[in-house]
Amino acid sequence: MEIGSGTGLNFPFYEHANKVTAIEPEPRMRELSLPRAQSAQVPIDVILAEAEKLPFPDDFFDTVVCTLVFCTIPNPTKALEEIRRVCKPEGHILLIEHVKIEHRFLGQLQEWLTPFWKRLCDGCHLNRNTLHLVKLAGFKVTSVNRYYKDIFLVVEAINKKQSFF
Ligand SMILES: C[S@@+](CC[C@H](N)C(=O)[O-])C[C@H]1O[C@@H](n2cnc3c(N)ncnc32)[C@H](O)[C@@H]1O
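Residues numbered from 1 in each chain as written. Predicted model: local features only at pLDDT ≥ 70, side-chain atom pairs only at ≥ 80, totals over all residues. Heavy atoms only, no water.

**Student:** Quick rundown of the overall build of the chain? Include the residues and the values.
**Tutor:** A tally of regular secondary structure across the chain gives four helices and seven strands. Start at the N end of the chain and walk to the C end: the helices and strands fall as β-β-α-β-β-α-β-α-α-β-β. Relative to a compact globule of 165 residues, whose C-alpha radius of gyration would be 15 Å, the chain shows 16 Å and is just as compact. For the chain, the spread of C-alpha atoms along the three principal axes comes to 45 × 45 × 25 Å. (Helix = DSSP H or I, 4+ residues; strand = E, 2+ residues; numbered from the N terminus. Rg over C-alpha atoms; globule rule 2.2 N^0.38 Å.)

**Student:** Tell me about the side chain of Thr-21, and please be specific about residues and values.
**Tutor:** With respect to the element layout, Thr-21 can be found in strand S2 (residues 20-23). Since its relative accessible area comes to 8%, Thr-21 is described here as buried. Sequence-distant contacts of Thr-21, defined by excluding residues within four places in its chain, comprise Met-1, Glu-2, Asp-45, Ile-47, Phe-56 and Phe-61. (Buried < 20%, exposed > 50% of the residue type's maximum accessible area, 1.4 Å probe, protein only. Contact = heavy atoms within 4.5 Å.)

**Student:** Provide a residue-level description of unusual backbone geometry, including the pertinent values.
**Tutor:** For Asp-122, which is not glycine, the phi torsion reads 55° and is therefore positive. Residue position: Asp-122 is located in the loop between helix H3 (104-120) and helix H4 (130-137). On the basis of relative accessibility, which here comes to 62%, the residue Asp-122 falls in the exposed class. Of note in this structure, Asp-150 is not a glycine but carries a positive phi near 70°. Assignment of secondary structure puts Asp-150 in the loop between strand S6 (139-147) and strand S7 (152-159).

**Student:** Provide a residue-level description of the nonpolar core, including the pertinent values.
**Tutor:** With 28 residues, the main nonpolar core has Met-1, Ile-3, Ile-23, Leu-54, Cys-66, Phe-70 and Ile-83 as its most contacted residues. Broken down by secondary-structure element, the contributors of at least two residues to this core are strand S4 (61-67), helix H2 (76-86), strand S5 (87-98), H4 and S7. Per-element accounting of this core gives the leading share, four residues, to H2. Aside from chain neighbours lying at most four places away, what touches Cys-66 is Ile-3, Ile-83, Leu-94, Leu-95, Ile-96 and Glu-97. Residues Val-20, Ala-40, Ile-44 and Val-46 belong to the second largest nonpolar core, which totals 10 residues. (Core = buried A, V, L, I, M, F, W, Y, C linked by side-chain atoms within 4.5 Å.)

**Student:** Explain H2 to me, using residue names and the numbers behind them.
**Tutor:** Each α-helix turn comprises 3.6 residues. Residues three or four places apart therefore point the same way. Of all the positions in H2, only Pro-76, Ala-79, Leu-80, Glu-82, Ile-83, Arg-84 and Val-86 are classed as buried. Check the buried side of H2 and you find it contacts strand S1 (2-3), S4, S5, H4, S6 and S7.

**Student:** Hey, could you go over the side chain of Glu-82 for me, with residue numbers and the actual values?
**Tutor:** Position of Glu-82 among the secondary structure elements: in helix H2. Leave out the neighbours within four places in its chain, and Glu-82 touches Ala-51, Glu-52, Lys-53 and Leu-54.

**Student:** Can you lay out the site of the ligand for me, pointing to particular residues and giving the numbers?
**Tutor:** Around the ligand lies a shell of 18 residues, among which Gly-4, Glu-24, Ala-51, Glu-52 and Thr-67 are the nearest. The separation between a nitrogen atom of the ligand and a polar main-chain atom of Gly-4 is 2.8 Å. Here a nitrogen atom of the ligand sits 2.9 Å away from a polar atom, N or O, in the main chain of Ala-51. Burial of the ligand by the protein amounts to 83% of the accessible area it has alone, namely 600 Å². (Near = heavy atom within 4 Å. Polar contact = N/O pair within 3.5 Å; in protein donor to acceptor, adjacent residues only side chain to side chain. Areas by Shrake-Rupley, 256 points an atom, 1.4 Å probe, with all protein chains shown as cover.)

**Student:** Which residues make up the packing of H2 against H4, and what are the values?
**Tutor:** Packing of H2 against H4 brings their axes to within 10 Å, and their N-to-C directions diverge by 45°. What the angle tells us is that H2 and H4 run oblique. For the pair H2 and H4, the sense of crossing is right-handed. Side by side, H2 and H4 meet where Pro-76, Thr-77, Leu-80 and Arg-84 of the first sit next to Leu-133, Val-134 and Ala-137 of the second. Taken together, the residues of the contact of H2 with H4 sort by class into five nonpolar, one polar and one charged. (Axes fitted to C-alpha atoms, helices over the stretch in contact; angles between N-to-C directions. Parallel < 35°, antiparallel > 145°, perpendicular 65-115°, else oblique. Left-handed = near helix turned anticlockwise from the far one by under 90°. Nonpolar A, V, L, I, M, F, W, Y, C, P; charged D, E, K, R; others polar.)

Set out below in structure tokens:
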């Protein structure tokens, strides 16, 4: 599953999946993504839905992909809870996200800019600590690569679900 697939820029890169289900809440974005879904190498369905309320049963998807989306999702904690629910135990979550950086001055600058930035850029927050939220949600982070002064993170994590047995 891909979360917040926008105009479908990731669609040409899916090769080793039987099927991809993408969710996107903006009808116009979904519409723009359809030609890319149709010309993709694997079958892709694009469903109008929000990450905070995923219309899928528990333990349904093998892998969940999110690129540049956790900056915009209004309730990222709820979205991660939902992703954990619909992703199979030991399933994978793959993220490319921009985040708040630890540098004192630049991090503070991101805080100051966010109220203006999110109005200009369709709800995008510069100050999200997405890696922390992913860990808090209960995913086991297996790899983190940092780019461009640590603003961009490429994260791989595994969905660890509690077992009582
Ligand atoms: C910056 S765009 C990134 C699009 C795409 N992931 C990409 O990498 O090109 C952010 C996307 O998140 C979507 N979005 C916003 N709120 C969302 C939500 N609650 N659940 C899922 N997607 C959401 C937006 O509609 C938009 O398509």
